[in-house]
Amino acid sequence: MTQEAHVTQGPLTTEAGAPVADNQNSETAGVGGPVLVQDQLLLEKLAHFNRERIPERIVHARGAGAYGTFTVTADVTQYTRAKFLSEVGKQTETFLRFSTVAGNLGAADAVRDPRGWALKFYTEEGNYDLVGNNTPVFFIKDAIKFPDFIHTQKRDPYTGSQEADNVWDFWGLSPEATHQVTWLFGDRGIPASYRHMNGYGSHTFQWNNEAGEVFWVKYHFKTDQGIKNLTAGEAELLAGKDPDSHQRDLRESIERGEFPSWTVQVQIMPAADAANYRFNPFDLTKVWPHEDYPPIEIGKLELNRNPENIFAEVEQSIFSPAHFVPGIGPSPDKMLQGRLFAYGDAHRYRVGINADHLPVNRPHATEARTHARDGFLYDGRHKGAKNYEPNSFGGPHQTDRPLWASSAVTGGTGNHAAAVHAEDDDFVQAGNLYRLMSEDEKGRLVDNLAGFIAKVSRDDIAERAIGNFRRADGDFGKRLDTAVQALRG
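Each chain has its residues counted from 1, running along the sequence as written. Per-residue local features of the predicted model are confined to residues with pLDDT of at least 70, and side-chain atom pairs are confined, for both listing and counting, to 80 or more; whole-chain, interface and lining totals are unaffected and use all residues. The side-chain numbers reported here are obtained from all heavy atoms of the structure, hydrogens and water having been left aside.

Visitor: Quick question: what am I supposed to make of the overall build of the chain here?
Guide: Each helix is a run of H or I in the DSSP string that is no shorter than four residues. Each strand is a run of E no shorter than two, and both are numbered from the N terminus. Across its full length, the chain holds 12 helices and 10 strands. What you see for the chain is a C-alpha radius of gyration of 25 Å, in line with the 23 Å of a compact globule of 489 residues. Expressed as a percentage of its 489 residues, the buried residues of the chain come to 47%. When the accessible surface of the chain is split by element, carbon and sulfur atoms take 53% of a total near 24,700 Å². Counted as positive: Lys and Arg. Counted as negative: Asp and Glu, with His and the chain ends omitted from the count. For this purpose, a charge sits on NZ of Lys, CZ of Arg, CG of Asp or CD of Glu. Counting 51 positive and 66 negative side-chain charges, the chain places the centres of these two groups 1 Å from one another. As defined in this context, the radius of gyration uses C-alpha atoms, and a globule is described by 2.2 Å times the residue total to the power 0.38. The classification of residues rests on relative accessible area computed with a 1.4 Å probe and restricted to protein chains. Under 20% of the type maximum is buried, over 50% is exposed, and intermediate values are partly exposed. For the accessible areas, the method is Shrake-Rupley and the probe is 1.4 Å, while residue cover comes only from the protein chains on display.

Structural data, given as structure tokens:
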């Protein structure tokens, strides 16, 4: 069933509520004369129209979203004290925003690109945001490289187009990207819809229980609709025929009552395991193999309500990995550490300092109590309450209990590379992924990569890019080299 339109009865008014006498003709100095500056309805309408768009997200600009429900299906209280996970059967309202990464707001949905997975839990202890992707890994492991990486994916400052030279120059010089690039150019690189893909928290996060014990966790959301993907040819046709394909599919499936759902799993690592684990457990370019830490089912996520206004609820929705609740916290993952700042800062610039006051962003199951005041679009919600702490007027006060457990640190400050564990390198997991593929999957992966690398103008950039895949697996590199040479003549 489609959402009924909200219809307001009565006369048309200005933004200030005054009735509008004529909405068809602007006020002029006589018939055919110039328009008068005193026509405030005209000026109000044009000024509002000029400001209808806010700056689009630098990344993840193209998105769609829906509300839903998370239901706990297993007891995890031995691992975390988060109240929304405190008992089997407990339900929490959610809002999930899907997106592509590199495309502009008006780009097509059916493209080869990771998909953002930004999930807001409206818990009784405040909003918890889990901001990941549809991939369990990422291209880089340190946030200091993120602006450079995204610049290679966006339009070149001279040509105004995405350039293969920029993409492969960066990836070739950043061998840590080899695992994610292998994933992206494989069969799951272009999901058929948002409903037919998995989601991941991607990063490692901390859980801590009532006893103060610490665990490291990774989140997995496994689609109950089944994995469905598009080939490069299918995606090219769909992107041209229906640029809104993914958004339309999500909206219409919910309208039909076919509510998409995901089975929620976590991998759990006791904190003591981290130091000697064979891979750096906080490296975003690595996974934890399931044979080491098997995924445990903990819940079910269902999307069952569409937004009523895309701008208000999808475009102005904000998510931050820094939005934690008691029992959940960050890890030393250097990409996550950078995102703890960057996401909130982006939204303060893009939507405004009071973006958290908007209905889609504010807590739904509790009340935000802060001493922050004023700023753009402040709504006066605090009335005459004091705006400082401590105070003796009954204002909000600190709890003296941190949301997450502290982590021990040693050594001097400096620009340190991440710790290297026993089996860490930039290629081992990319090679493992390649060797898991069938021959048909390997063929499509090589074709997809070769088609893009062949567009590179310089031989050294192409050779360096191929060399990274050769280091992941000899057969992989050899087949890719042959395919690229055939395309480049």
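Visitor: So what exactly am I meant to see when it comes to unusual backbone geometry here?
Guide: Of all residues except glycine, most have a negative phi; of all peptide bonds, most are trans. At the junction of Glu389 and Pro390, the peptide bond is cis and its omega measures out at 5 degrees in the coordinates. Within the secondary structure layout, Pro390 lies in the loop between helix 8 (334-350) and helix 9 (428-436). Despite not being glycine, Asp374 has its phi angle at roughly 65 degrees, a positive value. Locating Asp374 in the fold gives a position in the loop between helix 8 and helix 9.

Visitor: Mind showing me how you'd approach the side chain of Asp424 here?
Guide: By secondary structure assignment, the location of Asp424 is in the loop between helix 8 and helix 9. Salt bridge criterion: a side-chain nitrogen from Lys or Arg within 4 Å of a carboxyl oxygen from Asp or Glu. An unpaired buried charge is present at Asp424: no salt bridge exists, and Lys286, the closest side chain of opposite charge, is 4.2 Å distant. Each polar contact in these results corresponds to two N or O atoms within 3.5 Å; when the atoms are within protein, one needs to be able to donate a hydrogen and the other to accept it, and residues that are neighboring in sequence are counted only if both atoms are side-chain atoms. At 3.1 Å, the side chain of Asp424 forms a polar contact with the backbone nitrogen of Asn280. In this analysis, two residues are considered to be in contact whenever any of their non-hydrogen atoms come within 4.5 Å of each other. Setting aside residues up to four positions removed in sequence, Asp424 forms contacts with Arg278, Phe279, Asn280, Lys286 and Ala419.

Visitor: Got a minute to help me understand the UniProt feature "domain: Catalase core" (unreviewed entry) in the chain in this structure?
Guide: UniProt positions are given in the numbering used here, feature names are shortened, and annotations may be inferred rather than shown by experiment. The positions UniProt marks with the feature "domain: Catalase core" (unreviewed entry) are residues 13-397. Secondary structure content for residues 13-397 is 21% helix and 19% strand, and the end C-alpha separation is 44 Å.

Visitor: I keep staring at the nonpolar core and nothing clicks. Help me out?
Guide: Most often, soluble globular proteins keep nonpolar side chains buried together rather than apart. One finds Trp207 and Tyr219 to be the most contacted residues of the largest nonpolar core, which totals 37 residues. Ignoring sequence-local partners within four residues, the contact set of Tyr219 consists of Tyr128, Leu130, Gly199, Tyr200, Gly201, Ser202, Phe205, Trp207, Gln265, Val266 and Ile328. Counting residues in each nonpolar core, the second largest holds 36 residues, with Val101, Trp168, Phe185 and Ala462 among its members. Only buried residues count toward a nonpolar core. Its members are Ala, Val, Leu, Ile, Met, Phe, Trp, Tyr and Cys residues joined through side-chain atoms within 4.5 Å.

Visitor: Would you take a moment to explain the environment of Ala29 for this structure?
Guide: Here Ala29 shows up in the segment before helix 1 (40-50). The spatial distance from the C-alpha of Ala29 to the C-alpha of Asp39 is 11 Å, given a sequence separation of 10 residues.

Visitor: Could you clarify how one ought to interpret the packing of helix 3 (residues 164-173) against helix 10 (residues 439-453) in this entry?
Guide: Helix packing geometry: the angle between the two helix axes and the distance between the axes. With axes taken as lines fitted to C-alpha atoms, and helix axes fitted only over the stretch in contact, angles between N-to-C directions fall between 0 and 180 degrees. Two numbers describe how helix 3 lies on helix 10: the axes approach to 10 Å, and their chain directions differ by 115 degrees. From helix 3, Ala164, Val167 and Trp168 reach across to helix 10, where they touch Leu449, Phe452 and Ile453. Residues are sorted three ways: Asp, Glu, Lys and Arg are charged, Ala, Val, Leu, Ile, Met, Phe, Trp, Tyr, Cys and Pro are nonpolar, and all the rest, Gly among them, are polar. By residue class, the composition of the contact of helix 3 with helix 10 is 6 nonpolar, no polar and no charged.

Visitor: It is not clear to me how the pattern of salt bridges should be interpreted in this structure. Could you clarify?
Guide: Close approach of charged atoms lets side chains of opposite charge pair. Under the definition given, this model contains 33 salt bridges. For Glu176, the salt bridge identified is with Lys145, shortest N-O distance 3.3 Å. Residue Glu176 is found in the loop between helix 3 and helix 4 (178-184), and its partner Lys145 is found in the loop between strand 4 (126-133) and helix 2 (146-153); the two are separated by 31 residues along the sequence. Taking the relative accessible area as the measure of exposure, Glu176 reaches 10% and is therefore buried. When the shortest N-O distance is used, the salt bridge between Glu255 and Arg251 registers 3.7 Å. Taken together, the positions of Glu255 and Arg251, both in helix 6 (residues 245-255) and 4 residues apart, correspond to about one turn of that helix. We classify Glu255 as partly exposed; its relative accessible area is 22%.

Visitor: Explain the packing of helix 2 against helix 3 here, please?
Guide: One can describe the packing of helix 2 onto helix 3 by two numbers: an axis separation of 7 Å at closest approach and a directional angle of 145 degrees. Residues Asp148, Phe149, Thr152 and Gln153 of helix 2 form the contact with helix 3, whose own contacting residues are Asn166, Val167, Phe170 and Trp171.

Visitor: Which parts of the structure should I look at to understand the environment of Leu303?
Guide: Within the fold, Leu303 resides in strand 9 (residues 296-305). Residue Leu303 is classed as buried on the basis of its relative accessible area, which comes to 0%. Ignoring anything within four residues of it in the chain, the contact list for Leu303 reads Ala66, Tyr67, Gly68, Leu96, Phe98, Leu250, Ile254, Phe259, Pro260 and Trp262.

Visitor: Explanation requested: the pairing of strand 1 (residues 63-72) in the structure shown.
Guide: Looking along a regular strand, one sees the side chains alternate between the two faces of the sheet. Where burial is concerned, most of strand 1 is hidden: 10 out of the 10 residues are buried. Across the two faces of strand 1 the burial is the same, with Gly63, Gly65, Tyr67, Thr69 and Thr71 and Ala64, Ala66, Gly68, Phe70 and Val72 all buried. Two strands qualify as a pair provided that DSSP identifies no fewer than 2 bridges between them. Sheet topology places strand 1 next to strand 2 (residues 91-100); 9 bridges connect them, and they run antiparallel. Among the inter-strand pairings, Phe70 is bridged to a residue of strand 2, identified as Thr92.

Visitor: In this structure, what is going on with a nonpolar patch on the surface? I would like to understand it.
Guide: On the surface, Ile353, Phe376 and Leu377 cluster together into a nonpolar patch covering about 360 Å² of accessible area. The residue Ile353 is located in the loop between helix 8 and helix 9 in this model. Under the relative-accessibility criterion, Ile353 is labelled partly exposed at 49%. Patches here are clusters of residues that have more than 30% relative accessible area and form no salt bridge, with a 9 Å joining cutoff for like charges and a 5 Å cutoff for nonpolar side chains (Val, Leu, Ile, Met, Phe, Trp, Tyr).

Visitor: What exactly am I supposed to notice about the pairing of strand 7 (residues 214-223) here?
Guide: Here strand 7 lies mainly inside the structure; 8 of its 10 residues are buried. The pairing of strand 5 (residues 199-200) with strand 7 spans 2 bridges and is antiparallel. For Tyr200, the partnering residue across the bridge sits in strand 7 and is His220. Two strands pair when backbone bridges link them, and strand 6 (residues 205-208) and strand 7 are joined in this way by 4 bridges, in the antiparallel orientation.

Visitor: What is the right way to read helix 9 from this model?
Guide: Within an α-helix, residues lying three or four positions from one another point in the same direction, as the helix has 3.6 residues per turn. Among all positions of helix 9, only Gln429, Ala430, Gly431 and Tyr434 are buried. The inward-facing, buried residues of helix 9 contact helix 4, helix 10, helix 11 (459-472) and helix 12 (474-488).

Visitor: Help me out: how do you make sense of the packing of aromatic side chains in this one?
Guide: Within a pair of aromatic rings, the relevant descriptors are the distance that separates the centres and the angle that separates the planes. Ring geometry is summarised as follows: Phe, Tyr and Trp rings, the Trp one being its six-membered ring, pair when their centres sit within 6.5 Å, and such pairs are stacked at plane angles under 30 degrees, edge-to-face over 60 and tilted between the two. All told, the structure shown has 37 aromatic pairs when counted by the stated rule. Geometrically, the ring pair formed by Phe84 and Phe121 is tilted, given 5.0 Å between the ring centres and 40 degrees between the ring planes. Placement of the pair is Phe84 in the loop between strand 1 and strand 2 and Phe121 in strand 3 (residues 115-123), with a sequence separation of 37 residues. One cation-aromatic arrangement involves Lys442 over Tyr434; the distance from NZ or CZ to the ring centre is 4.8 Å. Any Lys NZ or Arg CZ that is within 6 Å of a ring centre and within 35 degrees of that ring's normal is treated as a charge sitting over the ring.

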